[in-house]
Amino acid sequence: MSPGVNLPVEVWRVVLAYLPLPELGRCSLVCRAWRELILSLDNTRWRQLCLGLPECPRHPNWPSRPHLEPSSWREALRQHAIASRTWSRHAHPELQPSACLHLFRRRKERRVWQVGSGLELETLRGALGVAGSYDRVVLHPGVYEEQAELVLKVPVEVVGLGRLGDVALLVSLEQQCPTARLSNLVFMPAWFSTVVYKTSSGHVQLDNCNFEGAQLQIRGPGTCHARFCSFSQGSSTHFLGVALSLLDSCDFSGSDSASVTVEGAPATERNWACKHLAALARITTSWTSPGSGSPAGDTLGGHSGATQPPEATITLEDWSKGETESRRRGGGGGGEEGVCQDTVIDDGWSDSAPSDEEEEEEEGKGEEGSGQGNNSLNYRLAHSHHGLSHLLRPNQDVSPDFPSLTPEVRTLTEELQRDPGAQALIETVQGCVLRRCLFRDGKGGVHVCNHGNARLEGNVFRALTYAVRCIQNATIVMLRNEVCECRASGVFLRLSSQGLIADNNIHSNGEAGLDIRKGADPIILCNRIHSGLRSGIVVLGNGRGSIRSNQIYNNKEAGVYILFNGNPVVSGNHIFQGQAAGIAVNENGRGVIVENVIRENQWGGADIRRGGDPVLRNNYICHGYSDGVVVGERGRGLIEGNHIYSNKGCGVWLMSSSLPQLLGNYITHNRMYGLAVFCRKDPDGGGTREVGQEGGGRGGGQDNFHEEGELLAWEGDLDSEDERLSARRSISTALVEGNCISHNGAVGLYVKSSEPLNVVANLVNGNRGAGVAVLQSGQLTRLVANCIHGNGRGGVTVERECRVELRGNGVYDNGGHGVSFRGDGQVVENDVVGNRGYGIRLSDSADVKVLRNRVQPVQGCGIAVLGPAKAVVHDNLVFQGHPGNVKPPLHRDPGNVGGALRNNSVTCSSAPPWVLENPPPRPLSDRPSSLPPSSSCHPSHFAISMTTRITATVESGCHNNGSVFCTIL
């Protein structure tokens, strides 16, 4: 019969709310309608039954989230009933009746022993002496103290009567029986030992107990299942070689050391309870885990007050609008806007203001624009099919939608599908399992050491010195935990420890969120690591690890900091809104950093210094408030295939004493230089002024990486690092090859260095200033097989006392002179076509050889030797420019005595159009003809054929200049 036939459903609910649990179960078996009616009582009767359990009246989400309702009170009650019966699954194992006698065996009744003042049994020792197997000992309110250790020899249940705290035990118990249960008790240490309970073979179940200044000790193959217990006033649990134990919904506070210590490899022997605990450990919880939600006060802005959400990006339209506003305000505003307005880096030179020789051309530009019309196009040499023409196609649109190209961070499910090793860790690692526990206001949380195994799920670690420490070949699995407000690092791994740290919320810690050192090799997936007072993740002292698909943001120092031979794999992360560098590699740090999105950081997106030698490949480094990539003093590394765009400083900033390799990067739409090479020396000669902290943090020293008097013991590991890593790319000259440097706000390539530099097969296109400007070059700078096209000022500018070689380049359609040379060097076999000023201009103290070039100016001389310049101009081919151009193709000042013009050809009589052939337009390419010109591969895949690599000795000696934004004091 349906319950709604005679009475409304609401009335039936009121009636059924008075039924006890067994009757509710029977009613749910009547029919489907009755079952649905019983299930609808979840927030009323089922909640009342769950919170009214005499042995454990705790809220299901106690202690970490008691304000959150469980998804189902009935399910919570069911799980509690299953867990409460685990200890008795071993009942009567000594009885092995035959099949025929099993039907006639009488069930043994459990006796209940009442213990208390004035009762038949007054002491716990006396009660345990008379209790039989699986009897129940009920302790009445009072304090029970024993002067010697008690031994549990038979399975027994000890229950405190009344409210928690009414029954206190000052005892030391040793369990020698297969199983026992204790509930509703307060344990305090006896005068002779702080260990209040220990077992080495059996299983103990603890429900709703308090431990005050006491220690719980479990030794394998013994097991423990503790639920809704409190450990306070320095209490702790110690697990030695346990195969499996479960701490569920426990509260740890006020610890003097680690609250939970897991030590030793799991025992190979298993007791009877392991299979039941394994089943309980597999039960999935449906409540909202600390790692998956945003706790109160946990905003993306953290303590810094940032207002942008994690997924917010700055579009190029916003960027251009900011540039327009800064120019509108003019230089009087000072600060950053004033610097970017004119981009003045060195006294006497600016990329925005025209040079002396360019000023003389400005007067004729109006006539050029009105007089030549479109006719000059017929006279220009075609050069669109040069060796790097395929790189011009993706950049035809000055404002491409770069943010849409950045990849999304992968989910944990996707990462586990890609990584069988991480999936295996989740399925196999058990040991000590901690779920839904709260660790607070103490020194340490969980300490796992000496091959121990631990599994942490859905716990909260708050206001500790450290949350988790995993050392000495231990293995740990951390899933969906919250780690916050630790005074030191949140999670600390060292000494070849390993494991999986996934889907955690790690924030607001005093030191690094994760500290990996001394050979530790964890897998770190899909965590949120943010709002730290120092770095997000630190890897040092031969630490390794795989750091993937994390969101690392709003940390005061580097998002990821690698130093002292740290060598992790950092891939697929979003590192953003940091108050220093996104990734910093320092002090001989290494690492493979691939496919990350590094954006909106205050300092460099990637910062490499002091022997740092990473692989930085296929990253998106964008929208930074400083430079995109910084390679500082003695920095090295392979920087390949990255998209570096829309940064307020330079795209890439190099110190000349660094030896990086920049291959196949897209360096575009940055507000200052595309690529800048500087040199700088500390005035006191005592070394360079580099970072004194984590990749661009503030203050602090390396002592911040030491721990509890450890001093520099871990530095001994530095010599044991595999030496083949340090020699993987032995080079003596910085190399810039196959990059696309375009549409930047100032000069494309700016060089002010006293060290050698090789610039090979790059596209320098559409920059607001000159294409290449060499202001200082104490040693040879080689520009080989580059395409320098369509820049706002000159193509190549070489200042006095600079040593530069130009060979095999194409210099096309720039807004000033094609090549303006005042230094020493060679200009050999280049195509200089379509530039608005002179083709090649040699002036001042230039000492240069100009050989076998093809030159066509638009409105100026083809090759001009001015002033006292010493020039040998041989075997060049000069084409006539616009018919209205009245300046001679070849010009030498009458007073010049150091120039020699011989065997040069001027083509002006035959009818246009002329063609650049034999060879075709430079730079030349070795790209296979089978590849289409519109291939989307990055530039380094189409390197120009090179037969020579120059090596040079790195010498000191330079001026005190550096990046406007990235000079770190």
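About the thresholds
- As a convention, each chain's residues are numbered from 1 in the sequence order in which they are written.
- Per-residue local features are limited, in this predicted model, to residues with pLDDT of at least 70; the limit for side-chain atom pairs, both in listing and counting, is 80 or more; totals at the level of whole chains, interfaces and linings are taken over all residues.
- Side-chain measures here rest on the full set of heavy atoms in the structure, leaving out hydrogens and waters.
- UniProt positions are given in the numbering used here, feature names are shortened, and annotations may be inferred rather than shown by experiment.
- Angles shown run from 0 to 180 degrees and are taken between the N-to-C directions of axes, each axis being a line fitted to C-alpha atoms and, for helices, limited to the stretch in contact.
- Where helices and strands are cited, they refer to DSSP runs of H or I of at least four residues and of E of at least two residues respectively, numbered from the N terminus.
- Here the word oblique covers every angle except those under 35 degrees (roughly parallel), over 145 (roughly antiparallel) and from 65 to 115 (roughly perpendicular).
- Less than a right angle of anticlockwise turn of the near helix away from the far helix marks a crossing as left-handed, whereas a clockwise turn marks it as right-handed.
- Contacts: residue pairs with any heavy atoms within 4.5 Å of one another.
- Each Phe, Tyr or Trp ring (for Trp, its six-membered ring) is paired with any other whose centre lies within 6.5 Å, and the angle between the two planes then decides the class: stacked below 30 degrees, edge-to-face above 60, tilted in between.
- Exposed residues in this analysis have more than 50% of their type's maximum accessible area, buried residues have under 20%, and partly exposed residues fall in between, with area computed by a 1.4 Å probe over protein chains only.
- A ring is scored as having a charge over it whenever the NZ atom of a lysine or the CZ atom of an arginine sits within 6 Å of its centre and within 35 degrees of its normal.
- For this analysis, a salt bridge means a side-chain nitrogen from Lys or Arg found within 4 Å of a carboxyl oxygen belonging to Asp or Glu.

Under an unreviewed UniProt entry, the name given to the protein is F-box protein 10, and the organism recorded is Oncorhynchus mykiss. Listed under Pathway (unreviewed entry) in UniProt, the entry text for the protein is "Protein modification; protein ubiquitination."

Caption draft 1: Representation of the packing of helix 1 (residues 9–16) against helix 3 (residues 32–39) within the structure. The interhelical angle for the contact between helix 1 and helix 3, taken along N-to-C directions, is 70°, at an axis separation of 10 Å. Taken together, the axes of helix 1 and helix 3 are roughly perpendicular relative to one another. The two elements helix 1 and helix 3 cross, and the hand of that crossing is right-handed. Each of Val9, Trp12, Arg13 and Leu16 in helix 1 lies in contact with helix 3, whose residues at this interface are Trp34, Leu37 and Ile38.

Caption draft 2: Here's a closer look at the packing of aromatic side chains. Taken as a whole and judged by the stated rule, the model has 11 aromatic pairs. Measuring from centroid to centroid gives 4.4 Å for Tyr673 and Tyr750, while their planes differ by 15°, and the two rings are stacked. Note that Tyr673 is positioned in the loop between strand 49 (666–668) and strand 50 (675–678) and Tyr750 in strand 53 (residues 749–753), a separation of 77 residues in sequence. Per residue, the accessibility class of Tyr673 equals that of Tyr750, and both read buried. Ring pairing ties together the aromatic residues Phe187, Phe211, Phe231, Phe252, Phe439 and Phe461, which thus form one cluster. The ring centre of Phe576 lies 4.3 Å from the NZ or CZ of Arg599, which sits over that ring.

Caption draft 3: Representation of the pattern of salt bridges within the structure. Taken as a whole and assessed by the stated rule, the structure comprises 33 salt bridges. A salt bridge links Arg440 to Asp441, with the nearest nitrogen and oxygen atoms 3.6 Å apart. Overall, the relative accessible area of 27% leaves Arg440 in the partly exposed class. Each of the salt bridges in this network shares a partner with another, and the network as a whole consists of Arg110, Arg136, Glu157, Arg181, Asp207 and Arg227.

Caption draft 4: Highlighting the pairing of strand 24 (residues 475–479). With 5 of 5 residues buried, strand 24 is to be regarded as a mostly interior element. Along strand 24, one buried face is formed by Thr475, Val477 and Leu479 and the opposite face, lined by Ile476 and Met478, is buried too.

Caption draft 5: Expanded view of the environment of Tyr134. Relative to the helices and strands, Tyr134 is located in the loop between helix 7 (124–130) and strand 2 (135–139). Judged by its relative accessible area of 5%, Tyr134 is buried.

Caption draft 6: Region of interest: unusual backbone geometry. The amide bond that connects Gly220 to the next residue, Pro221, takes the cis arrangement and shows omega of 10°. Note on placement: Pro221 falls in the loop between strand 13 (215–219) and strand 14 (223–227). In this model, Arg922 is joined to Pro923 through a cis peptide bond whose omega is 5°. The residue Pro923 is located in the segment after strand 73 (905–907) in this model. Of note, Asn473 is a non-glycine position whose phi angle comes to about 60°, a positive value. Relative to the helices and strands, Asn473 resides in the loop between strand 23 (460–470) and strand 24. The class for Asn473 is partly exposed, based on a relative accessible area of 38%. One non-glycine residue, Glu801, lies in the positive phi region at around 60°. Here Glu801 is to be found in the loop between strand 59 (796–798) and strand 60 (803–807).

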